[in-house]
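Structural features, examined
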Amino acid sequence: MTADDSELRELRSSVREFLDAKSPEEAVRKLMESEPRFDPAVWAQASEQLRLPGLVIPEEYGGDGFGLVELGVVLEEMGRVLLCAPFFATVVLAAQALLASGDNEACAHHLPGIAAGATTAALAVSEDSGSWDPALISTRAVPDGEGGWRLSGRKSFVIDGTTADLVLVVARTVAGPSLFAVDREATGLAAEPMETLDATRAMARVTFDSVPATLVGVDGRAGRTMAIVLDIASVALAAEQSGGARRCLEASAEHARTRHQFGRPIGSFQAVKHKCADMLVQVELAEAASREAARLADEGSAEFSVAAAVAHACCSRAYMFAAMENIQVHGGIGFTWEHPAHLYFRRAKSSQLLFGGPAVYHERLLDRLGI
């Protein structure tokens, strides 16, 4: 299902109105220091009133069956307000991993709950290195002799790992990296919050001590599954990054219009004009890159994997640039804890590093180009 331009504008308007009301700066700051690091009541409203968790889940599993274009609109708005919610972990990472696995039974079991907002989920791939490279995974899975599996090892940087009802884990078997589903209450599973630069995106270290698990998909095929998920997640993250970058530009432009020095708005000074103009160029490029990648995904284009890598690289750079320039435009107040500029800088930096950082995603782009 694909929405036309008027429907996309209506979707953006509805989501923005909801998020402006439910995720103002005061709410974000409060949730940054709470556990869980999201408001269950707001999550329930987003699920019941806007049906956001089911947006890109196929209709056969209780979702609305939209694509990455519509998802991108929602994520741009979420990135704009630094929404603290399990949306990215549940809908972008976990749900897409289930769909990419090709396991219809697992999808039928888990996706309806996710689409309804009743189930939150997390995807545990990286370990202490933070890498998504399947070759570096040391967490092990062994058969339990009764048709199930047992997981042992530790995962790090698991988004919303302390609160997820379902944890999807990439672990190594004799056949290679494989995907497993673990229930939140499983014996031997322990999760602890990690202190990271960006407190608006909760991350956890999850330990598995002979934890019972269910195989999802084909044994040894998680490497291919994760490649698909990484492309989709990169585009989704790019949309979120472009939304945050746009908000930094808006904040800078507003401050430049209202802040006066030497009897005139600082926006009238050439240096500030240049900063805002450079930010605009970066933001427009980021939005174009993320939206084009989403369009190619929905069209099933063979160029999607290249576009996904380009979008991630472009939007990571644009968000970092806009977040830093936003601080500069605001001057001394932009460096203080009380001002929100640092919150966007922290999100920009953590998002840049989320899937391995510049060196890794540039290598990924070269690989997708066949170089």
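What you are looking at is a predicted structure, and each value in this text was computed from that prediction instead of being measured.

**Some thoughts on the overall build of the protein chain**
From N to C terminus, the protein chain includes 11 helices and nine strands. Taking 371 residues into account, the globule formula puts the C-alpha radius of gyration at 21 Å, and the protein chain, at 21 Å, falls close to it. Across its three principal axes, the protein chain shows a C-alpha extent of roughly 80 × 45 × 40 Å. In the protein chain, buried positions account for 53% of the 371 residues. The long-range fraction of contacts in the protein chain, counting pairs at least 24 apart against all pairs at least 6 apart in sequence, stands at 74%. Element-wise, carbon and sulfur atoms account for 53% of the exposed surface of the protein chain, whose accessible area totals about 15,900 Å². Taking the average place of the 34 positive charges on the side chains of the protein chain and the average place of its 49 negative ones, the gap between the two points comes to 7 Å.

**So, a negative patch on the surface**
The grouping of Asp4, Asp5, Glu7 and Glu10 at the surface amounts to a negative patch. Mapped onto the elements, aspartate 5 comes out in helix α1 (residues 5-22).

**Quick look at the packing of helix α5 (residues 87-101) against helix α6 (residues 104-116)**
Helix packing for two helices is described by the angle between their axes and how far apart those axes are. Two numbers describe how α5 lies on α6: the axes approach to 10 Å, and their chain directions differ by 160°. By the criterion of interaxial angle, the relationship of α5 to α6 is roughly antiparallel. As for how α5 packs across α6, the hand of that crossing is left-handed. Residues Thr90, Ala95, Leu98 and Leu99 of α5 form the contact with α6, whose participating residues are Ala106, Cys107, His110, Leu111 and Ile114. Its residues assigned to classes, the contact of α5 with α6 comprises seven nonpolar, two polar and no charged.

Conventions used here
Residues numbered from 1 in each chain as written. Predicted model: local features only at pLDDT ≥ 70, side-chain atom pairs only at ≥ 80, totals over all residues. Heavy atoms only, no water. Helix = DSSP H or I, 4+ residues; strand = E, 2+ residues; numbered from the N terminus. Rg over C-alpha atoms; globule rule 2.2 N^0.38 Å. Buried < 20%, exposed > 50% of the residue type's maximum accessible area, 1.4 Å probe, protein only. Contact = heavy atoms within 4.5 Å. Areas by Shrake-Rupley, 256 points an atom, 1.4 Å probe, with all protein chains shown as cover. Lys, Arg positive; Asp, Glu negative; His and termini not counted. Charge placed at Lys NZ, Arg CZ, Asp CG, Glu CD. Patch = residues over 30% accessible without salt bridge, like charges linked within 9 Å, V, L, I, M, F, W, Y side chains within 5 Å. Salt bridge = Lys/Arg side-chain N within 4 Å of Asp/Glu carboxyl O. Axes fitted to C-alpha atoms, helices over the stretch in contact; angles between N-to-C directions. Parallel < 35°, antiparallel > 145°, perpendicular 65-115°, else oblique. Left-handed = near helix turned anticlockwise from the far one by under 90°. Nonpolar A, V, L, I, M, F, W, Y, C, P; charged D, E, K, R; others polar.

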